[in-house]
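Spelled out, the chains give:
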Amino acid sequence: MKIGFAMKTISRRSFAKAAGTTAAALVAAPYVVHAQAVKARVVVIGGGFGGATAAKYVRQFDREVEVTLVEPSATFTTCPFSNYVLAGFKTLKYITHDYKALTAVHGVKHVQSAAQSIDAAGKSVRLANGDTLRFDKLVVSPGIDFRWGAVKGYDEAAAEKIPHAWRAGPQTELLRKQLEAMPDGGTVLMVVPANPFRCPPGPYERASMIAFYLKANKPKSKILILDAKDMFSKQGLFQDGWKALYGDMITWVPLKDDGKVVEIDVNAKEVTTEFGKKHKADVINLIPPQWAGAIARTGGLASDSGWCPVNPTSFESTLHKDVHIIGDACIAGAMPKSGFAANSQGKVAAMSIVNAINNRPMAPPTYVNTCYSLVSREYGISVADVYRVTDQGIVAVQGAGGVSPRDAAPSVRFQEAQYAEGWYASMTQEIWGS
Ligand SMILES: Cc1cc2nc3c(=O)[nH]c(=O)nc-3n(C[C@H](O)[C@H](O)[C@H](O)COP(=O)(O)OP(=O)(O)OC[C@H]3O[C@@H](n4cnc5c(N)ncnc54)[C@H](O)[C@@H]3O)c2cc1C
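Parameters at a glance
Residues numbered from 1 in each chain as written. Predicted model: local features only at pLDDT ≥ 70, side-chain atom pairs only at ≥ 80, totals over all residues. Heavy atoms only, no water. Helix = DSSP H or I, 4+ residues; strand = E, 2+ residues; numbered from the N terminus. Rg over C-alpha atoms; globule rule 2.2 N^0.38 Å. Buried < 20%, exposed > 50% of the residue type's maximum accessible area, 1.4 Å probe, protein only. Contact = heavy atoms within 4.5 Å. Areas by Shrake-Rupley, 256 points an atom, 1.4 Å probe, with all protein chains shown as cover. Lys, Arg positive; Asp, Glu negative; His and termini not counted. Charge placed at Lys NZ, Arg CZ, Asp CG, Glu CD. Near = heavy atom within 4 Å. Polar contact = N/O pair within 3.5 Å; in protein donor to acceptor, adjacent residues only side chain to side chain. Salt bridge = Lys/Arg side-chain N within 4 Å of Asp/Glu carboxyl O. Core = buried A, V, L, I, M, F, W, Y, C linked by side-chain atoms within 4.5 Å. Domains from an automatic or database assignment. 1 Å grid on protein atoms, 1.4 Å probe; cavity = no way out; pocket = protein on both sides within 12 Å on 5 of 7 lines; lining within 4 Å. Points joined across faces, edges and corners; volume = space filled by probe spheres on them. Nonpolar A, V, L, I, M, F, W, Y, C, P; charged D, E, K, R; others polar. Pairing = 2+ DSSP bridges. Axes fitted to C-alpha atoms, helices over the stretch in contact; angles between N-to-C directions. Buried area = accessible area lost by both parts, 1.4 Å probe. Left-handed = near helix turned anticlockwise from the far one by under 90°.

1. Overview of the overall build of the protein chain
Along the protein chain, the regular secondary structure elements total 12 helices and 27 strands. A globule of 434 residues ought to have a C-alpha radius of gyration of about 22 Å, and the protein chain, at 23 Å, matches this closely. Scored against the burial criterion, the 434 residues of the protein chain give a buried share of 54%. A fraction of 66% describes how many contacts in the protein chain between residues 6 or more apart in sequence connect residues 24 or more apart. For the protein chain, the exposed surface amounts to about 18,100 Å²; the carbon and sulfur share of it is 54%. Taking the average place of the 48 positive charges on the side chains of the protein chain and the average place of its 38 negative ones, the gap between the two points comes to 5 Å.

Okay, here's the thing in structure tokens:
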């Protein structure tokens, strides 16, 4: 058995000394926060879809493993269903969850601080609160960060005026308020990045949900989507739905028609495309290009792409042993950057970690993902896939899953909207138990 402990900031020398001492001596030492015999110590960075899942399942699979979740916030507001807050039929409260079940039921320790640096070779994580946590295995699930400046003029300060709302919470509220303040007959402009980015169908569901709100409240308004790509997820289904429900309210401009935005003038509320065309709008929602959350990049876990390469069967980093990266931050082959994918990866990473701790072999994993999107409150569409690991990495299993039919009856669209509700309730119940 190993001896587990978490430390206040101590020097490398004093740590090395402490690591060789007994549990009793550690309890007596002034910098020791906690001392307890455990089989192994797992630290999880990030309490979102991937991290909270991994933290829970490591404990489910082996109660003798100590799990510490490092997450600065007391609650987590999900991006899934945040588009419905914009539409006006869900609240931020509904999509906000806490960590009480994870700590009280599953025995996960929640340290409310941010991870500041990772010493992958030395197996420790330094926190913003000054503490240092030692780990045997580390899970990193920090989600995405934005590539500020990739669209000229769009930085953190600009996001306070022109929301991205690509992390849910205050940004969602800001965009909603701007939509409420917009006059009838105004234009909402959405700027959408190239792949890869968080939630491939998300921008198009957002356009649908903004249209849903505008149709009921400001029906003379228009939505213009300027896109840095030529195709998008569930495209035919979205476009059929837009036409049927919103007429010509939504216009989508692909890359080939000069859809890529390269610059924004925040004060003038005007964007400039790659070929110099200018578009002005009353409300702009700019979703910037993205890369892995900062801690993954500064921790040396990302490749030049800005995303983190992993072993597809375990989600262990290919750059650092005993460090697993899951969720949006990693490169997961054919899997999209979705909450469901992060959840699926979190379970596999947890199983791989517990198997390694117990010297058990890992069976070949399969992964799943379903992405529901609403085109209106009662009009749902979906894409589902099962994935397995091949020599080419993670690939979709042919014939498994599928996309909603193009010619489905309204009753089918209604049922899919109900399934979306069910998906959200069961997923968040599973992860945060609330
Ligand atoms: C509008 C929108 C709609 C979406 N809809 C869906 C949907 O319907 N279905 C679906 O499956 N997915 C959906 N997604 C995608 C989904 O939100 C993400 O794929 C998912 O959140 C990724 O999980 P993650 O664990 O990688 O990151 P997150 O869930 O974002 O969690 C990251 C966590 O890490 C924490 N963190 C970051 N840095 C640190 C640090 N240094 N130290 C400690 N903690 C840190 C953050 O505080 C955060 O809590 C949607 C996304 C958007 C934007």
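Following the structure, the description resumes.
2. A few points about the site of the ligand
Taken together, 33 residues lie near the ligand, and Gly50, Glu71, Ser141, Arg198 and Asp328 sit nearest. Lysine 337 has a polar backbone atom sitting 3.3 Å from an oxygen atom of the ligand. Measuring from an oxygen atom of the ligand, one finds a backbone N or O atom of phenylalanine 340 at 2.8 Å. Bound to the protein, the ligand loses 90% of the 1,000 Å² it would expose on its own.

3. Re unusual backbone geometry
Following asparagine 195, the chain continues to proline 196 via a peptide bond in cis, the omega torsion being -5°. Inspection of the secondary structure assignment puts proline 196 in the loop between strand 13 (187-192) and helix 8 (202-217). Not every positive phi belongs to a glycine, and phenylalanine 81 is a case in point at roughly 80°. Examined against the element boundaries, phenylalanine 81 turns out to sit in the loop between strand 5 (75-77) and helix 4 (82-87).

4. A few points about the pattern of salt bridges
Tallied over the full model, the rule gives 16 salt bridges. Of the charged contacts in the structure, one is a salt bridge between arginine 198 and aspartate 328, with a shortest N-O distance of 2.5 Å. Here arginine 198 is found in the loop between strand 13 and helix 8, whereas its partner aspartate 328 is found in the loop between strand 22 (323-325) and strand 23 (330-331), with 130 residues between them in sequence. Taken individually, arginine 198 and aspartate 328 each receive the classification buried, so the pair is uniform in this respect. When the shortest N-O distance is used, the salt bridge between lysine 321 and aspartate 322 registers 3.7 Å. Salt bridges sharing partners connect three or more residues here, namely Lys123, Lys137, Lys321 and Asp322.

5. Quick look at the pairing of strand 4 (residues 65-70)
Summarising burial for strand 4: six of the six residues are buried, a large majority. Residue alternation in strand 4 divides its side chains into two sets, Val65, Val67 and Leu69 and Glu66, Thr68 and Val70, and both sets are buried.

6. A word on the nonpolar core
In terms of nonpolar packing, the biggest core is built from 104 residues, with Val42, Leu138, Val140, Ile223, Ile225, Trp242 and Phe315 touching the most fellow members. Looking at this core element by element, the count peaks at nine residues for helix 11 (residues 339-357). Residue assignment places this core across two domains, with domain 1 (2-145 + 292-363) and domain 2 (148-288) each supplying three or more. Residues in contact with isoleucine 223, not counting those within four places in the same chain, are Val188, Ala207, Ile210, Ala211, Leu214, Met249, Ile250 and Thr251.

7. Thoughts on the layout of surface pockets
Approximately 490 Å³ is the volume attributed to the second largest pocket. Lining the second largest pocket are 31 residues; nearest its centre among them are Pro200, Ala334, Met335, Pro336 and Lys337. For the lining of the second largest pocket, the secondary structure elements donating two or more residues are strand 23, helix 11, strand 24 (366-376) and strand 25 (379-390). It is strand 25 that contributes the most residues to the lining of the second largest pocket, four residues altogether. Partitioning the lining of the second largest pocket into residue classes produces 20 nonpolar, seven polar and four charged. The residues that make up the lining of the second largest pocket include at least three from each of domain 1 (2-145 + 292-363) and domain 2 (148-288).

8. A closer look at the sheet that holds strand 11 (residues 137-140)
Note: strands within a sheet are paired through backbone hydrogen bonds, in either parallel or antiparallel orientation. Across the sheet, five strands lie side by side as 7-4-3-11-22; this open sheet has parallel pairing. Edge strands, defined here as strands with exactly one partner in the open sheet, are strand 7 (109-111) and strand 22. Direction aside, neighbouring strands of the sheet carry axes that sit 20° apart on average. Where strand 11 meets strand 22, three bridges bridge the pair, whose relative direction is parallel. Each residue of the ladder has a partner; that of valine 139, found in strand 22, is histidine 324.

9. Regarding the pairing of strand 16 (residues 261-265)
With four bridges connecting them, strand 16 and strand 17 (residues 270-273) associate as antiparallel partners. If you follow valine 261 over to strand 17, its bridge partner there is threonine 273. Hairpin connection between strand 16 and strand 17: a loop of four residues separates the two successive antiparallel strands, and lysine 269 in this loop has a positive phi of roughly 50°.

10. Some remarks on the domain arrangement of the protein chain
By the assigned domains, the protein chain splits into domain 1 (2-145 + 292-363) and domain 2 (148-288). Each side of the interface is counted separately: domain 1 has 19 residues, and domain 2 has 19 residues. Between domain 1 and domain 2, roughly 1,700 Å² of surface is buried when both sides are summed, and carbon and sulfur atoms account for 63% of that area. At the boundary of domain 1 with domain 2, the tally comes to two salt bridges. The greatest single-element share of the side of domain 1 that touches domain 2, amounting to six residues, is contributed by helix 4. Classifying every residue of the side of domain 1 that touches domain 2 gives 10 nonpolar, six polar and three charged.

11. Looking at the packing of helix 11 against helix 12 (residues 410-432)
Between helix 11 and helix 12, whose axes approach to 12 Å, the crossing angle comes to 35°. Both helix 11 and helix 12 take part in a crossing whose hand is left-handed. Contact residues: helix 11 offers Phe340, Asn343 and Lys347, while helix 12 offers Trp423, Met427, Glu430 and Ile431. Of the residues belonging to the contact of helix 11 with helix 12, the class tally is four nonpolar, one polar and two charged.

12. Things to note about the environment of isoleucine 331
Mapped onto the elements of the fold, isoleucine 331 is located in strand 23. C-alpha of isoleucine 331 to C-alpha of phenylalanine 414: the two residues are 83 residues apart in sequence and 34 Å apart in space. Every residue in contact with isoleucine 331, bar those within four places of it in the chain, is listed here: Ser303, Ser305, Trp307, Cys308, Pro309 and Val310.

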